[in-house]
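# Residue-level structural notes
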Amino acid sequence: MATVFLAGGAGYIGSHTAVALLDAGYDVVVADNYSNSSPEAIRRVERITGKTVQLYEADIRDSARISEIFQENRIDAVIHFAGLKAVGESVQKPLMYYRNNIDTTLTLLETMAKFNVNKVIFSSSATVYGSENPIPYIETMQRGVCSNPYGWTKAMMEQIFEDAAKANPELSVVLLRYFNPIGAHPSGLIGEDPTGIPNNLMPYITQVAVGKRDHLTVFGNDYPTPDGTCRRDYIHVMDLANGHVKATDYVLAHKGVEIVNLGTGTPYSVTEIVETFQRVNGVAVPYEFGPRRFGDIPEFYANADKALALFGWRTEKSLEDMCRDSWNWQKQNPNGYR
Ligand code: NAD
Ligand code: UDP
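This write-up is about the structure you can find in this document. (Residues numbered from 1 in each chain as written. Chains lettered and ligands numbered in written order. Predicted model: local features only at pLDDT ≥ 70, side-chain atom pairs only at ≥ 80, totals over all residues. Heavy atoms only, no water.)

### Structural notes on the site of ligand 1
Taken together, 28 residues form the shell around ligand 1, and within it Ile13, Asp32, Asn36, Ser37 and Tyr150 come nearest. Interatomic distance of 2.7 Å between a side-chain N/O atom of Asn36 and an oxygen atom of ligand 1. Residue Lys154 places a side-chain N or O atom 2.9 Å away from an oxygen atom belonging to ligand 1. In isolation ligand 1 exposes 810 Å². Once the protein is present, 95% of that is buried. Among the secondary structure elements, those contributing two or more residues to the shell around ligand 1 are α1 (12-23), α5 (94-114), β5 (119-125) and α6 (149-167). Here the shell around ligand 1 takes three residues from β5, the largest share from any one element. Residue classes in the shell around ligand 1 are distributed as 11 nonpolar, 12 polar and five charged. (Near = heavy atom within 4 Å. Polar contact = N/O pair within 3.5 Å; in protein donor to acceptor, adjacent residues only side chain to side chain. Areas by Shrake-Rupley, 256 points an atom, 1.4 Å probe, with all protein chains shown as cover. Helix = DSSP H or I, 4+ residues; strand = E, 2+ residues; numbered from the N terminus. Nonpolar A, V, L, I, M, F, W, Y, C, P; charged D, E, K, R; others polar.)

Quick look at the structure:
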């Protein structure tokens, strides 16, 4: 079976994808600098699957080090998860974001070329649709104007992959645009482990539920949506992980560039998420309405038809599953991997 190199594979989405790839029979090599993760996540991936992961502590920007790893392993395909992802921090420290996210991409593509590895999948984001495109977002739309440096790094990296593929007809690229991943592996052994105060909705909710934070502030209830709060396309991280398995099967068998949305196609509001979480888990999440958060779009969700047509992939988990599994992870690991 083929071997897949996961750059940034110890993180939230990478670790769940490692489980899905190992379960599907792929071999997995992970490199991560643990800037936002822990090697413990990969030890737990091994526990869940009963299989071994070749794990390296390495910065993906370090060409010599990544070449060593490619030398030691026969890599068939690469999935590029490595990147900084906090929107607010990217506004404060734009150069750090451009340096890390763009450099990791360039080093990976250069190393791939050196070792004649021509299959790559990239963690892009729905944020590249910008704020002006109509919903639902479909892959044929132009990339939009991003509202922060994080989003621009994703748009730029997509462009870099497209240009690299234009120059090298052997290169096969899948740009996966994730919507809002939440949830955790049903075992509760791996999950999302943010450092500091969570920026994203679900980890904030679970930290309120476990008593680490007092209450949730819902950012705005005067949006033009059914209940006035923002609506997003939340996707279970195991559905997302299985989407990567399908993308790997696809990329190994094809050439060229494909952009593929990974979402459910169904939006839920912030209030619906909090209410469902409380109902499914029987736990209180006190919340209050606050002002809008700068840069938030009232509503966006995926047209998920292409993933079904191209990969035969569709989501299988419900919002209830997402809420149950997020809580299962948090209550078993109140301090994450620490
Ligand atoms: P994460 O922070 O948990 O995972 C990213 C991993 O990359 C971390 O383990 C981090 O330590 C590692 N990393 C960062 N820079 C590195 C470097 N220079 N060298 C080696 N390792 C490095 O984030 P995630 O939620 O798992 O996201 C994975 C990817 O998906 C990211 O590129 C992110 O931008 C993208 N994405 C995430 C979401 C989301 O909501 N979680 C949505 C859309 C896109
Ligand atoms: N949100 C909120 N309170 C929080 C965090 C997020 O009301 O503490 C809202 C946010 O305004 C957005 C939704 O939850 O409407 C999802 O936010 P998140 O940051 O998780 O993802 P985004 O879609 O912004 O990438």
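### Here we look at a nonpolar patch on the surface
A cluster of nonpolar side chains, namely Val145, Trp152 and Met156, defines an oily patch on the protein surface of about 270 Å² accessible area. Mapped onto the elements, Met156 comes out in helix α6. (Patch = residues over 30% accessible without salt bridge, like charges linked within 9 Å, V, L, I, M, F, W, Y side chains within 5 Å. Salt bridge = Lys/Arg side-chain N within 4 Å of Asp/Glu carboxyl O.)

### Looking at the side chain of Asn303
Mapped onto the secondary structure, Asn303 falls in the loop between β13 (287-290) and α10 (305-311). By relative accessible area, Asn303 is classed as buried at 18%. Not counting residues within four places of it along the chain, the set of residues in contact with Asn303 comprises Pro136, Tyr137, Ile138, Glu139 and Asn261. (Buried < 20%, exposed > 50% of the residue type's maximum accessible area, 1.4 Å probe, protein only. Contact = heavy atoms within 4.5 Å.)

### Re the packing of helix α7 (residues 201-209) against helix α11 (residues 319-332)
Where α7 contacts α11, the axes come no closer than 10 Å and their chain directions differ by 55°. Taken together, the axes of α7 and α11 are oblique relative to one another. The two elements α7 and α11 cross, and the hand of that crossing is right-handed. Across the interface between the two elements, Met202, Pro203, Thr206, Gln207 and Ala209 from α7 touch Cys323, Ser326, Trp327 and Gln330 from α11. Here the contact of α7 with α11 is built from residues that sort into five nonpolar, four polar and no charged. (Axes fitted to C-alpha atoms, helices over the stretch in contact; angles between N-to-C directions. Parallel < 35°, antiparallel > 145°, perpendicular 65-115°, else oblique. Left-handed = near helix turned anticlockwise from the far one by under 90°.)

### Some thoughts on the packing of helix α9 (residues 270-281) against α11
Contact geometry for α9 and α11: axes closest at 9 Å, N-to-C directions at 65°. Taken as axis vectors, α9 and α11 run roughly perpendicular relative to one another. The two elements α9 and α11 cross, and the hand of that crossing is right-handed. Along the contact surface, α9 presents Glu272, Ile273, Thr276, Phe277, Arg279, Val280 and Asn281, while α11 presents Leu319, Glu320, Cys323, Arg324 and Trp327. Classifying every residue of the contact of α9 with α11 gives six nonpolar, two polar and four charged.

### Section: the site of ligand 2
Taken together, 14 residues form the shell around ligand 2, and within it Thr217, Phe219, Arg232, Arg293 and Asp296 come nearest. Separating an oxygen atom of ligand 2 from a side-chain N or O atom of Asn200 is a distance of 3.1 Å. Arg232 has a polar side-chain atom sitting 2.6 Å from an oxygen atom of ligand 2. Contact with the protein chains hides 87% of the accessible area of ligand 2, taken as 520 Å² for the molecule alone. Partitioned by chemical class, the residues of the shell around ligand 2 number seven nonpolar, four polar and three charged.

### Looking at the sheet that holds strand β4 (residues 77-80)
Strand order in the open sheet made by the seven strands is β3-β2-β1-β4-β5-β6-β11, with parallel pairing throughout. Each edge of the open sheet is held by one strand with a lone partner, namely β3 (54-57) and β11 (256-262). Sheet twist, expressed as the average angle between the axes of neighbouring strands with direction ignored, equals 15°. Bridge count for strand β1 (residues 3-7) against β4 is four bridges, and the pairing is parallel. Within the sheet, the bridge partner assigned to Phe5 lies in β4 and is Val78. Most of the contacts of α1 go to β1, to which it runs at about 170°, and overall it touches β1, β2 (27-32), β4 and β6 (172-178). Relative to β3, helix α3 (residues 63-72) is tilted by about 165°, and along the sheet it contacts β1, β2, β3 and β4. (Pairing = 2+ DSSP bridges.)

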